[in-house]
Amino acid sequence: MLGSRARISGWGKSLPERVLTNAELEKMVETSDDWIHSRTGIRERRIAGPNETTFTLAVEAGRQALRAAGTAALDVDLIIVCTFSPEFGGMPSTASLVQHALGATRAGAFDLNAACSGFIYGLAMAQATINAGMNDTVLVIGAETMSRLLDWSDRSTCVLFGDGAGATLLQSGPESAGLLSCVLGSDGSGGELLYVPAGGSRHPASLQSVEGAQHFIRMNGKEVYKFAITAAPRAALEAVARAGLSMEDVDLFIPHQANTRIIHSAAASLGLTLERVFINVDRYGNTSAASIPIALCEAVESGRIGPGDTVLLSGFGGGLTWGAAVIQWG
Ligand SMILES: CC(C)(COP(=O)(O)OP(=O)(O)OC[C@H]1O[C@@H](n2cnc3c(N)ncnc32)[C@H](O)[C@@H]1OP(=O)(O)O)[C@@H](O)C(=O)NCCC(=O)NCCS
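Think of each chain on its own: its residues are numbered from 1, step by step along the sequence as written. Totals for whole chains, interfaces and linings use all residues, but because this is a predicted model, local features are given only for residues with pLDDT of at least 70 and pairs of side-chain atoms are given and counted only at 80 or more.

**Brief notes about the site of the ligand**
- Around the ligand, the structure places 20 residues, and the nearest of them are Thr 31, Cys 116, Gly 221, Tyr 225 and Ala 258.
- Secondary structure follows DSSP: runs of H or I at least 4 residues long count as helices, runs of E at least 2 residues long count as strands, and numbering of each begins at the N terminus. Contributing elements (two or more residues each) for the shell around the ligand: helix H2 (33-40), helix H6 (155-158) and helix H8 (221-242).
- For the shell around the ligand, the leading source of residues is H8, giving five residues.
- Think of it as three bins: nonpolar holds Ala, Val, Leu, Ile, Met, Phe, Trp, Tyr, Cys and Pro, charged holds Asp, Glu, Lys and Arg, and polar takes everything else, Gly as well. Among the residues making up the shell around the ligand, the classes are represented as 10 nonpolar, seven polar and three charged.
- The domain boundaries here were taken from an automatic or database domain assignment. Of the domains in this structure, domain 1 (5-175) and domain 2 (180-328) are the two that each give at least three residues to the shell around the ligand. Using a C-beta atom placed from the backbone for every residue, we mark a residue as near a molecule or strand if that atom lies within 6 Å of it.

**Quick look at the domain arrangement of the protein**
- Assigned domains within the protein: domain 1 (5-175) and domain 2 (180-328).
- For domain 1 versus domain 2, the separation of C-alpha centres amounts to 14 Å.
- At the junction of the two partners, domain 1 supplies 45 residues and domain 2 supplies 42 residues.
- Counting only elements with at least two residues in the side of domain 1 that touches domain 2, the list comes to strand S1 (5-14), strand S3 (44-46), helix H5 (118-131), strand S6 (137-145), H6 and strand S7 (163-173).
- Examining the composition of the side of domain 1 that touches domain 2, we find that seven residues originate from one element, H5, more than from any other.
- Taken together, the residues that form the side of domain 1 that touches domain 2 break down as 22 nonpolar, 15 polar and eight charged. A pair of residues counts as a contact when their C-beta atoms, built from backbone coordinates, are separated by no more than 7 Å.

**Focus: the packing of H8 against helix H9 (residues 260-270)**
- Two elements in contact, H8 and H9, have axes whose closest approach is 9 Å; the angle formed by their N-to-C orientations is 40°. When the axis of H8 is compared with that of H9, the two are oblique. Remark: the crossing between H8 and H9 carries right-handed chirality. Residue-level contacts link Tyr 225, Ala 228, Ile 229, Ala 232, Pro 233, Ala 236 and Leu 237 of H8 to Ile 262, Ser 265, Ala 266, Ser 269 and Leu 270 of H9.
- Taken together, the residues of the contact of H8 with H9 sort by class into 10 nonpolar, two polar and no charged. Helix axes are fitted only over the stretch in contact, all axes being lines through C-alpha atoms; the angle between N-to-C directions runs from 0 to 180 degrees. Note that the term roughly parallel is reserved for angles under 35 degrees, roughly antiparallel for angles over 145, roughly perpendicular for angles of 65 to 115, and oblique for everything else. In a left-handed crossing the near helix is turned counterclockwise from the far helix by less than a right angle, and in a right-handed crossing that turn is clockwise.

**Things to note about the pairing of strand S4 (residues 78-82)**
- Remark: C-beta atoms are placed from the backbone, and a residue is labelled buried if 20 or more other C-beta atoms sit within 10 Å of its own, exposed if 12 or fewer do, or partly exposed between those counts. Burial analysis of S4 places five of its five residues in the buried class, the great majority of the element.
- Residues Leu 78, Ile 80 and Cys 82 point to one face of S4 and Ile 79 and Val 81 to the other, with burial holding for every one of them.
- Note on pairing: two strands pair once DSSP finds at least 2 bridges between them. In the sheet, S4 pairs with strand S5 (residues 108-112) via five bridges, with the strands oriented parallel. Bridge pairing links Ile 80 to Phe 110 in S5.

As structure tokens, this is what we get:
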């Protein structure tokens, strides 16, 4: 449908049952509930069990999104799984496995890696292919098992992240509602501020890389913090301007759920009071590419988003990457 607008017609989420509290982390590393909560706002996070993987979480979230939209898997044209903790190291893509499990036999499928900004990038790709008339129905899933990439003896990272998946179904529809704008950005000069040193072509897996715990996330927390509090609001402002709106028009701001201090700082920079901000990082920690679609799903299910509302999303993460999007809810 040429000239149509991509609108979100379905949403879903999947979270492991296992809850890991700050009190439990106190027994694993030298930390405290007070330190974690005062620095990040996190109280607990979900951790995948032995039979849960990025693929199983993604399939469940995707299935829910299709059900919510009342759309058959056969009608899906494209599946994008946004993740940096895929089911396999190289191939097949998690998206291809999801395509098969859902029975979406007409769909193309690929993984997209823009770290914690991945879901915004996925939305932008879905919007682009729908607006170009190439696809009608695109399933965008953010799914991560961060727990498999964490060094559980490194207190500076293991307390921050959690596992989960969120999905949205995008379909072409009338101009009156849908994705109004998307902004994407990257600065690769900060690549090593947040990264997994080994397992790629620079440092393939070896005995030394495993012994050196190089397959786990490494982070310069202070530098990432400084980047986050400028990049996320800047992208959000640009997305709102590109949509031809102003910040007063925004009914709900759904930021990447990394840390309440970063969220509060972004909201203050944007002039948004906390009543207009959705926060669930206290319950799930930072689920990377899954954080925004999980939050979006909870916001819809709890009635925080209604017809006609203007919703602002913004994310940031490894790469470095950032992105923001504005949606007119249908
Ligand atoms: C990680 C972060 C919470 C740390 O907060 P901070 O205010 O910079 O930390 P502080 O300077 O107050 O404290 C650092 C001290 O706490 C210690 N510390 C680190 N993790 C700790 C933990 N889990 N428990 C207790 N102490 C900890 C450090 O060793 C350091 O100790 P030192 O001063 O003796 O060397 C903060 O930098 C941050 O949020 N960064 C962004 C992270 C992020 O969002 N990443 C994902 C992006 S998608």
